[in-house]
Amino acid sequence: MEFKTLLVDIKDRIAVVTLNRPPVNAQNAELRADITACFDELSDRDDVSCVILTGSGKVFSAGADIRERPNLADTPGAYGRHNRLVRESFYAVVECSKPVIAAVNGPAMGAGFGLVMGSDIWVAAEEAYVSMPEINVGLAGGVTFLQDVFGRSRARRMFYTGMKVSAQELYRLGLIEACVPADQLMPYAMEIAREIASKSPIALRLAKEAARMTQVMPMRDAYRYEQGNTVALSKTEDSKEAQRAFLEKRAPVYVGR
């Protein structure tokens, strides 16, 4: 997998995707198109069970590249195309069929924080922080996702002021798995990824789908949906192998069926 604005490394069923648009990984149309294409492909690859998303340099992503903004409002249809590209790059991460770990190596601002919020599991370096600073450049976006993550007061304060929330505060609030020194970030994320990648691929796919879908279902329907997944999984070769391995006290050997 080769992209102009991303680095992708796949090994031992783990894909590490690195935003690579120096100096601050600002998101332009090209980067967003690359993100969409990359995560769509990773969703379909049988040799990938887990994805780590991180940034190059000292910034995860400074958000949207403001240099693309000035002429959008003057060209009919331009903002619609722009917004569609923004949505699709975000949802490519959200809808990836594999669990996605955000390894936040530095500031994640605006759309950069959006990519974090689209991921399943978050870990952050001590120097990292998140913010939704659109208000500071005369724009307003992101409150939908802020209010899904934070309590009402904190979400709206962030939205109205563009305030920064440090990695330490995110950890105190229980929103990230760890706040670690920068040199420990990727080893920590890899440890989680290896544990995830050791599971049945077919079970992981249904687990990711269930985690996403049940968020928008009534409780009774969500519970019934999960029970249906369990019934379907119980008929797979991987499920039978997992149960045999448990009884025989050995590591299972999965085949993805």
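Read on for an overview of the structure. (Residues numbered from 1 in each chain as written. Predicted model: local features only at pLDDT ≥ 70, side-chain atom pairs only at ≥ 80, totals over all residues. Heavy atoms only, no water.)

With that settled, the discussion passes to the sheet that holds strand 6 (residues 121–125). Within the open sheet, the six strands sit side by side as 1-2-3-4-6-9. Their pairing is mixed. Every interior strand has two partners, whereas the edge strands, strand 1 (6–11) and strand 9 (179–180), have only one. As paired strands, strand 6 and strand 9 are joined by two bridges and run parallel to one another. Across the sheet, the residue bridging to alanine 125 is valine 180, located in strand 9. (Pairing = 2+ DSSP bridges. Helix = DSSP H or I, 4+ residues; strand = E, 2+ residues; numbered from the N terminus.)

In this section: the packing of helix 8 (residues 201–213) against helix 9 (residues 219–234). Between helix 8 and helix 9, whose axes approach to 11 Å, the crossing angle comes to 175°. Relative to helix 9, helix 8 is oriented roughly antiparallel. Contacts between helix 8 and helix 9 pair Ile202, Ala203, Leu206, Glu209, Ala210 and Met213 from the former with Tyr225, Asn229 and Leu233 from the latter. Tallied by class, residues from the contact of helix 8 with helix 9 come to seven nonpolar, one polar and one charged. (Axes fitted to C-alpha atoms, helices over the stretch in contact; angles between N-to-C directions. Parallel < 35°, antiparallel > 145°, perpendicular 65-115°, else oblique. Contact = heavy atoms within 4.5 Å. Nonpolar A, V, L, I, M, F, W, Y, C, P; charged D, E, K, R; others polar.)

A cluster of acidic side chains, namely Asp40, Asp44, Asp46, Glu88 and Glu95, defines a negative patch on the protein surface. Within the secondary structure, glutamate 95 is located in the loop between helix 2 (78–94) and strand 4 (100–104). (Patch = residues over 30% accessible without salt bridge, like charges linked within 9 Å, V, L, I, M, F, W, Y side chains within 5 Å. Areas by Shrake-Rupley, 256 points an atom, 1.4 Å probe, with all protein chains shown as cover. Salt bridge = Lys/Arg side-chain N within 4 Å of Asp/Glu carboxyl O. Lys, Arg positive; Asp, Glu negative; His and termini not counted. Charge placed at Lys NZ, Arg CZ, Asp CG, Glu CD.)

What follows concerns empty space enclosed by the protein. Under the definition given, this model contains one cavity of 30 Å³ or more. Of the residues forming the lining of the largest cavity, the biggest block, three residues, is contributed by strand 6. Partitioning the lining of the largest cavity into residue classes produces eight nonpolar, no polar and no charged. (1 Å grid on protein atoms, 1.4 Å probe; cavity = no way out; pocket = protein on both sides within 12 Å on 5 of 7 lines; lining within 4 Å. Points joined across faces, edges and corners; volume = space filled by probe spheres on them.)

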